[in-house]
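Structure assessment
One letter stands for each residue in the lines below.
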Amino acid sequence: MKGRAKTARASGPRPRLIAAGILLLACAAAWLPSFPGTAGRTTRVWRGYETLLLGADTARSGRLARLVREMGPGVVSELTSQVSFWDFTGVDHAPIAGLDGRIDPSDPRHDRVMDDLAGYFRAPAGPGAPWTVVFVPARRAPVLDYIRVARILGPRSGAWRLLEFDPVEAVVALAGLAAFALFLAGSSPSGRRLTRVAASVSAAALWMPFVLGGGLARLALSLLMLFTWFRAADVVIALHGWSQRVARDARGALVAFAACTGAGLVLLVPAGGFAAGALAAFAGPAAGSVLLLAALGRYWGRARRPRAPRRTGFTPVPIVTPAAPAGPGPAGVLLALAALTVAAVIPLARTVPVPTPIALPGVRDFSWQALATLDRSGRSPRLPDLGDLVTHEAFQETIGFGRPWGLPRAGEHVNVQGFIVDPADGTVVAVQRRVKVFDDAWLASCLRGAPVGSIEALLVAQGRAVAVGLRASAHPLARELPVAVLVIALFLASLARTPQTARAGRRPVPLMKGLLLRLNGAARRNQTP
């Protein structure tokens, strides 16, 4: 009928069903890449392994054997790791925990490596008995391994600790992320507050599995991505649908979201100390956030402007200035800073010196040259490294031929003197018989033949020859601190240019000055009766 307005937006259940399907895809994209653990997942101390600390009572109660049995093959402990020794007929093996029952400490075959290997499974625990260290293969997400260990050992506080997942740190990080989402929803100047809260909390839920991976860098990137995403979602919610105006007004926010996504992928590259699994864990929630934004637009359908009836006279229409884009505000920035600070302090307060791999400059593989570099770097106060284990293996294989202790040289061979009878004249002739050659094939057999659950397998999994020493378990903080500093700078930059200054075209104020001006203005408004 002529003059009748068009339908405001698409009706019927079909758009909402499509939005629900997109929302399910967003959840799958965000959560699935984080939970299937991989050997390349970023861990706190050892590459491919999680570090589990057991109290003295827990280790003595027989639960260690049950833990090794139920966590599957690959667990490195004093029960599974074996050491080789010469038994006069060949090379035999014995578990480190029962080595003294097989070979006496005063026996000449009992070398220095046998004395120090037990240090891999001990960590100081203050005035009490030392922790028993167990290395668990990182096949799952840390929170899943924590639940599984709690089912085996019990949830008793202080009886055990998993360095890759701290419940206190996880609760603080998730609470900070949820509180920041609520602050974003409350910072919008327009209405539809409940819708904004639901959208912001849903976006925060997409980043929760990424945050549960642990670490300061993950929390900082999640806060930044949530902030940039909400600026675009706020435009969609304000116009209650998708239109050309939404695409125009949200262009800057979408560009910022894409730029932050690219920056996060660059910061999490393996060259920076992170594993390749961190990239998939970050890309999943980022893709889920994009799908969530599409679900919001599809839920209301395409916004349509109704056709107005023909007017005969002039009707004045007020000029409405568009509202400023949503931002965290001073309270939101302070909340983000507080969450990052607490997340950084908790690992420092609960740090424990544990056996830690130490990368040496110039060592990139397991060659003879790399092992020689380890040998020249000195032992004190370190634990046996791969070079020491190769030296131990060579010593045990040639102790019956009188070869002294020392790292073999590439191509070194061991000869023994023998005597044969010359068939021509019947005389006895002395000859040198080669019994052992330390070449590349022998070294490769030592590395490939590392038994599952042994210290050799733990060292080979690092990808290159490393030294080992007792270090504080909070050392990844230095790797993640640059990411947190960058995120803090971007948050402060959001306060450096106020909406009034941006519309007036004035020059932006410095970062800290802008923060102080915002806080001073908020204090004055609170004091106004």
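Throughout, residues of each chain are indexed from 1 in the direction in which the sequence is written. Confidence filtering applies because this is a predicted model: local features only for residues at pLDDT of at least 70, side-chain atom pairs given and counted only at 80 or more, and all residues used for totals across whole chains, interfaces and linings. Just so you know, side-chain values use all the structure's heavy atoms and leave hydrogens and water out.

1. Looking at unusual backbone geometry
Even without a glycine there, the phi angle at Phe-88 is positive, about 75°. In this text, helices come from DSSP runs of H or I with a minimum length of four residues, and strands from runs of E with a minimum of two, each type numbered from the N-terminal end. Mapped onto the secondary structure, Phe-88 falls in the loop between β2 (82–86) and β3 (91–95). For every residue, the accessible area obtained with a 1.4 Å probe (protein chains only) is divided by the maximum for its type, and the residue is called buried under 20%, exposed over 50%, and partly exposed between those limits. Residue class for Phe-88 comes out exposed when judged on its relative accessible area of 62%.

2. Regarding the pairing of strand β1 (residues 49–54)
Taken residue by residue, a regular strand's side chains alternate between the two faces of the sheet. In terms of burial, β1 is largely enclosed, as 6 of its 6 residues are buried. Neither face of β1 is open: one carries Tyr-49, Thr-51 and Leu-53, the other Glu-50, Leu-52 and Leu-54, and all of them are buried. Strand pairing is defined by DSSP finding a minimum of two bridges between the two strands. In terms of strand pairing, β1 meets strand β6 (residues 160–162) through 3 bridges, oriented antiparallel. Within β6, the residue paired with Leu-53 across the bridge is Arg-161.

3. Considering the packing of aromatic side chains
Pairing of aromatic side chains here covers Phe, Tyr and the six-membered ring of Trp, requires ring centres within 6.5 Å, and sorts the geometry by plane angle: under 30 degrees stacked, over 60 edge-to-face, intermediate tilted. Throughout the structure, instances matching the rule amount to 10 aromatic pairs. When the centroid spacing of 4.9 Å and the interplanar angle of 45° are considered together, the rings of Tyr-146 and Trp-160 count as tilted. Taken as a pair, Tyr-146 in helix α5 (residues 142–153) and Trp-160 in strand β6 lie far apart in primary sequence, 14 residues in all. Looking at Tyr-146, the relative accessible area reads 23%, which means it is partly exposed. On the basis of relative accessible area, Trp-160 is assigned to the buried category, the value being 7%. Three or more aromatic residues joined by ring pairs form one cluster here, namely Trp-46, Phe-121 and Phe-135.

Worth remembering: the numbers are spatial, not functional.
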